[in-house]
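Fold and geometry: a report
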Amino acid sequence: MSHAHDKTPNNSAAESARETVEPAPAFTPALRKQIEGFLTRYETKRSAILPALHAIQDELGWIANEHIEILDKEFGLHRVQVREALTFYSAYRQKKPRKHTIQFCNNIVCCMVGANEVIDQIKGHIKKYENQGVEPPFSVEGVPCLCVCDGAPAMLVNKDRHLKVTKENIDSILEKYASLPG
Amino acid sequence: MSETVTFKLNGKDVSVPKGTTVMEAARRENVAIPHFCWHPGLSVAGVCRFCMVKVEGRPKLEISCNLQATNGMDVKTDTDEAKTAHKWALEFHLVNHPLDCPICDQAGECGLQDYYMSVGKYPSQMTRPKVLKPKILDVGRDLVLDTERCILCTRCVRFEEEVTKTGALGIFDRGDRAIIGTYPETKIDHNYQTNLVDICPVGAFTSRDFRFKQRVWFLKDKPAICPGCSTGCSVNVYGKPETRTYFRLKPRQGEANGHWMCDKGRETYRHLNQDVRLRGAFTTDAKGHRQDTNFAGAIESLGKRLAGVNPASDVALLVSAQHTNEEYKSLFDYFVGDLGIKNVYQWREPTEKIDDFDGLLYRGDHNANTRGLQDALKQNGIGSGVKNEFDFVAKSGAKIVIAITPEVPSTFPSLNRQLESLTELDFVSFWTLAGTVGDNKKAKHAIPMKGFAEKKGTFTNHDGKSGELAAPFPCPVVDGRDISEIVAALKGWRPTHGNK
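On a predicted model such as this, the values are computed, not experimentally measured, just so you know. (Residues numbered from 1 in each chain as written. Chains lettered and ligands numbered in written order. Predicted model: local features only at pLDDT ≥ 70, side-chain atom pairs only at ≥ 80, totals over all residues. Heavy atoms only, no water.)

**So, the sheet that holds strand 4 (residues 62–63) of chain B**
Residue and element names in this part refer to chain B. Spelled out, the test is: Strands are labelled as partners when DSSP assigns at least two bridges between them. To qualify as a helix, a DSSP run of H or I must reach at least 4 residues; to qualify as a strand, a run of E must reach at least 2; elements of each kind are numbered from the N terminus.
Ordered in space as 2-1-5-3-4, the five strands form an open sheet in which the pairing is mixed. Two strands lie at the open edges of the sheet, namely strand 2 (12–17) and strand 4, each paired on one side alone. The sheet contact formed by strand 1 (residues 4–9) and strand 2 spans six bridges and is antiparallel. When the sheet's bridge partners are listed, Val-5 is paired in strand 2 with Val-16.

**As for the layout of surface pockets**
All names here are of chain B. Condition: Both site types are read off a 1 Å grid over the protein atoms alone. A 1.4 Å probe that fits but cannot get out defines a cavity, while an open set with protein on both sides within 12 Å along at least five of seven lines defines a pocket; lining residues have an atom within 4 Å of a point. Grid points are joined across faces, edges and corners, and a volume is the space filled by probe spheres set on the points. Note on residue classes: Ala, Val, Leu, Ile, Met, Phe, Trp, Tyr, Cys and Pro are nonpolar, Asp, Glu, Lys and Arg are charged, and everything else, Gly too, is polar. For each domain, the first and last residues come from an automatic or database assignment.
Approximately 700 Å³ is the volume attributed to the second largest pocket. Together, 24 residues line the second largest pocket, and His-39, Arg-155, Asp-198, Ile-199 and Lys-250 are the ones closest to its centre. Counting residues per element, the ones that place at least two in the lining of the second largest pocket are helix 3 (111–120), helix 5 (194–199) and strand 13 (245–251). Looking at side-chain class alone, the lining of the second largest pocket contains 10 nonpolar, seven polar and seven charged residues. Residues from two domains meet in the lining of the second largest pocket; each of domain 1 (4–93) and domain 2 (101–123 + 131–272) gives at least three.

**A short note on the interface of chain B and chain A**
Note the following rule: Whether two residues touch is decided by their heavy atoms; if any such pair falls within 4.5 Å, the residues are in contact. In short, buried area is how much 1.4 Å probe accessible area vanishes from two parts on joining, totalled over both. The term salt bridge refers to a side-chain nitrogen of Lys or Arg lying within 4 Å of a carboxyl oxygen of Asp or Glu. By the criterion applied in these results, polar contacts are pairs of N or O atoms within 3.5 Å in which, for protein atoms, one can donate a hydrogen and the other can accept it, and in which residues neighboring in sequence qualify only through two side-chain atoms.
Of the residues lining the interface, 14 residues belong to chain B; the matching set on chain A comes to 15 residues. Looking only at chain B, the three residues that lose the most surface to chain A are Phe-172, Arg-174 and Tyr-183 of chain B, adding up to 52% of its buried area. Run the count over chain B and chain A and you get zero salt bridges. Applying the counting rule to chain B against chain A returns five residue pairs in polar contact (both at pLDDT 80 or more). Its residues assigned to classes, the side of chain B that touches chain A comprises six nonpolar, four polar and four charged.

**Observations concerning the side chain of Glu-349 of chain B**
Residues and elements named next belong to chain B. Threshold: Only protein chains enter the area calculation, which uses a 1.4 Å probe; residues under 20% of their type maximum are buried, those over 50% are exposed, and those in between are partly exposed. His is not counted, nor are the chain ends; Lys and Arg add positive charge and Asp and Glu add negative charge.
With respect to the element layout, Glu-349 can be found in the loop between strand 17 (343–347) and helix 10 (370–379). Buried Glu-349, no salt bridge; nearest opposite-charge side chain is Arg-417, N-O distance 6.0 Å. In this structure the side chain of Glu-349 is engaged in a polar contact, spanning 2.6 Å, whose partner is the side chain of Thr-351.

**Section: the pattern of salt bridges**
All names here are of chain B. Throughout the structure, instances matching the rule amount to 39 salt bridges over all chains. The shortest N-O distance in the salt bridge between Asp-138 and Arg-208 comes to 2.8 Å. Taken together, the residues span a long stretch of sequence, with Asp-138 in strand 6 (residues 137–140) and Arg-208 in the loop between strand 10 (205–207) and strand 11 (220–225) at a distance of 70 residues. Assessed through its relative accessible area of 38%, Arg-208 is described here as partly exposed. For Glu-424, the salt bridge identified is with Lys-442, shortest N-O distance 2.7 Å. Here Glu-424, found in the loop between helix 12 (415–422) and strand 20 (428–432), pairs with Lys-442, found in the loop between helix 13 (435–439) and strand 21 (445–448); they are 18 residues apart in sequence, far enough to count as distant.

**Let's talk about the pairing of strand 19 (residues 400–404) of chain B**
Residues and elements named next belong to chain B. Quick reminder of the rule: By convention, a crossover is right-handed whenever its connection, traced from the first strand over the helix to the second and viewed with the strands pointing away, goes clockwise.
Summarising burial for strand 19: five of the five residues are buried, a large majority. Note: strand 19 against strand 20, four bridges, orientation parallel. Bridging across to strand 20, Val-401 finds its partner in Val-428. Each parallel crossover has a hand, and the one from strand 19 via helix 12 to strand 20 is right-handed.

**Remarks on the side chain of Gln-106 of chain B**
Residues and elements named next belong to chain B. Within the element layout of this structure, Gln-106 appears in the loop between helix 2 (80–93) and helix 3. What makes Gln-106 buried here is its relative accessible area of 6%. Sequence-distant contacts of Gln-106, defined by excluding residues within four places in its chain, comprise Cys-200, Pro-201, Val-202 and Gly-203.

**A short note on helix 3 of chain B**
Residues and elements named next belong to chain B. Rules: Directions are taken from the helix axis to each C-beta atom, and the arc is the one they span.
Of the residues making up helix 3, those classed as buried are Gly-111, Leu-112, Tyr-115 and Gly-120. One side of helix 3 carries all its buried residues, which in axial view fall inside an arc of 95°. Across helix 3 from its buried face, at more than 90 degrees, point the exposed residues Met-117 and Ser-118. The secondary structure elements touched by the buried residues of helix 3 are helix 2. Positive backbone phi, approximately 55°, marks Lys-121, located one or two places after helix 3.

**Quick notes on helix 12 of chain B**
All names here are of chain B. When we look at burial in helix 12, the residues that qualify are Leu-415, Gln-418, Leu-419 and Leu-422. Considered in projection along helix 12, the buried side chains sweep an arc of 105° and stay on one side of the axis. Against strand 16 (315–320), strand 17, strand 19, strand 20 and helix 13 lie the buried residues of helix 12.

**Brief notes about the nonpolar core**
Our working definition: To qualify as a nonpolar core, a set must consist of buried Ala, Val, Leu, Ile, Met, Phe, Trp, Tyr and Cys residues joined through side-chain atoms within 4.5 Å.
By size, the foremost hydrophobic cluster in this structure holds 92 residues, and its most contacted members are Phe-205, Leu-331, Phe-332, Phe-335 and Trp-431 of chain B. No other element matches the six residues that helix 9 (residues 325–338) of chain B contributes to this core. Filtering out sequence-adjacent residues up to four positions away, Phe-205 of chain B remains in contact with Val-139, Leu-143, Val-144, Leu-145, Cys-156, Leu-169, Ile-180, Leu-196, Val-197 and Cys-200 of chain B. If you look at the next biggest cluster of nonpolar residues, it comprises 25 residues, including Phe-27, Leu-71, Phe-75 and Tyr-92 of chain A.

**Re the pairing of strand 13 of chain B**
Along any regular strand the residues' side chains alternate between the sheet's two faces. All names here are of chain B. Across the seven residues of strand 13, six count as buried, placing the element largely inside the fold. By the bridge criterion, six bridges tie strand 12 (residues 234–240) to strand 13 in an arrangement that is antiparallel. Bridge pairing in strand 13 places Tyr-238 opposite Arg-248.

**Looking at the domain arrangement of chain B**
Many structure descriptions define interface size as the accessible area lost when the parts assemble. All names here are of chain B. The assigned domain composition of chain B is domain 1 (4–93), domain 2 (101–123 + 131–272) and domain 3 (276–492). Look at where the C-alpha atoms of domain 2 and domain 3 centre, and you get two points 35 Å apart. Listed per partner, the contact involves 34 residues of domain 2 and 35 residues of domain 3. Together domain 2 and domain 3 conceal approximately 2900 Å² of surface at their shared face, both sides included; 67% is due to carbon and sulfur atoms.

Spelled out as structure tokens, the structure:
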């Protein structure tokens, strides 16, 4: 079962509640300029939706409804079409990410050498934080192949690659990140 | 495009203009190819993968909606290979369909049901639980959306993009979780929403107005012209003659309207229903008491009155542009031609903006036959006679006013107020459908009329094109007559002996 698709209604309700209290970060002038460039790059304006969303996520970490409204009103990208693209690709984040985002490969090679067990262990850590009433410093999701099967099981934490992640060494890696600022 | 191509369709040679798709050619030849996403009024999407045909010499089946016919092509729609493809395509569409036909309004006119019977008829192999999705979504004034029933054909998305250009609908998420919807917390807001219900091949969009009112197989549909404005859309009227009830209008493909009609026009069946109609004729006796009567009695009392005055000066005629050309002809032939009446007034709604047009179908002129009435008045040497208020009728000193009221009350917001002021006059004979005339205690004389769905005739639209009312329903009101029938009865009326 793919973890990327594992969105239970309860989860998303809690997340959207969190969303409303967290104000969406504002567009920076550099981001605006970048998006304006995309608008003229393609034959149709609609084609600029994907790169624009990428740019927003790279710059601000996630894509809020407010950002869609800005794309609609200020850049002339239809909000329905933007939302269609945004909801189609699970790699776009629609909610504010936690301090660190763990993307763990859950394809066949990594699974054969224990990826699922490590993911469960990470989830256990997250649960511990939640039980203490603390916002966990990381989130975990299963992703398809990270193209380093020789280093399986592989994971990405933010943009750092970690190879041969096992039940034994995962705790120390997490500890290191938990003490780092976001 | 005068160039034609000739290709074989199921072994028969077919010639079509170059650029025609196999789907369109097959439709022209009455060859049924099952389809969901293709619609003659919308662009080709090719998403349902249902309209597979075999082209000889090509390794795989192809979708006919996006396949242009070329010279020498040999297309077969009924090979075993194609039939199997249709069958399994249908089963895939039904994987997550809830099959709640017993409580679905679309049952009876549903693409899934029809195609199951024509190309399906397989035992279902789907044993896994179905994906559950949001239901009973309020997405617009007349729309209820059930995303579980949806098969994602995107007809509605394309309608919003291409026809109304609002782009209000989209497909969100993906795979078996994909749902049709509007942007969060927004609704579809235009005058063409119910077309989405029509083009939806399944029961995903249902009409709030028609929802749970009637099973469609109990309804009879008859072709007519929408009386809501001067565009004159071709429509089908759906009614149940046994209970004398009307339920809805749907567009019928026509020159004036293409495939669509507006929501305002769809309301124009309501005034035909008995609960709001004048149900019988009445007249007033010498002591001023109102008496219910039948049609002959109403003609008798009106005929007597007309015989007692000089029609040319004492009679005024009020007529609206919502009746047929044939009715105007018989009306003016008698009243203007035979009786020489000069006071003919055209009754119009004061608030209407006659030249308005929304760019698609709906016009500011809310009368189906403005052109027809103008032509008839001109032929009889009468000016346009447009009057919005009726003080002048009181001042004209006419002893008898024949007020033929506009048929569709929703197009005349001031109708009741104007009827009220007319009843102040000495003697007004109302020829009307409006039940409010009967409710008005001061009204002295009234004859119930037939509605547009109950008579034959023609309307002339804004463009001068004529639209035909050809297949009348039986009139739910026993004494209901059209203008021609009332005029014929008046013409034939003679005072009987001992009646004076």
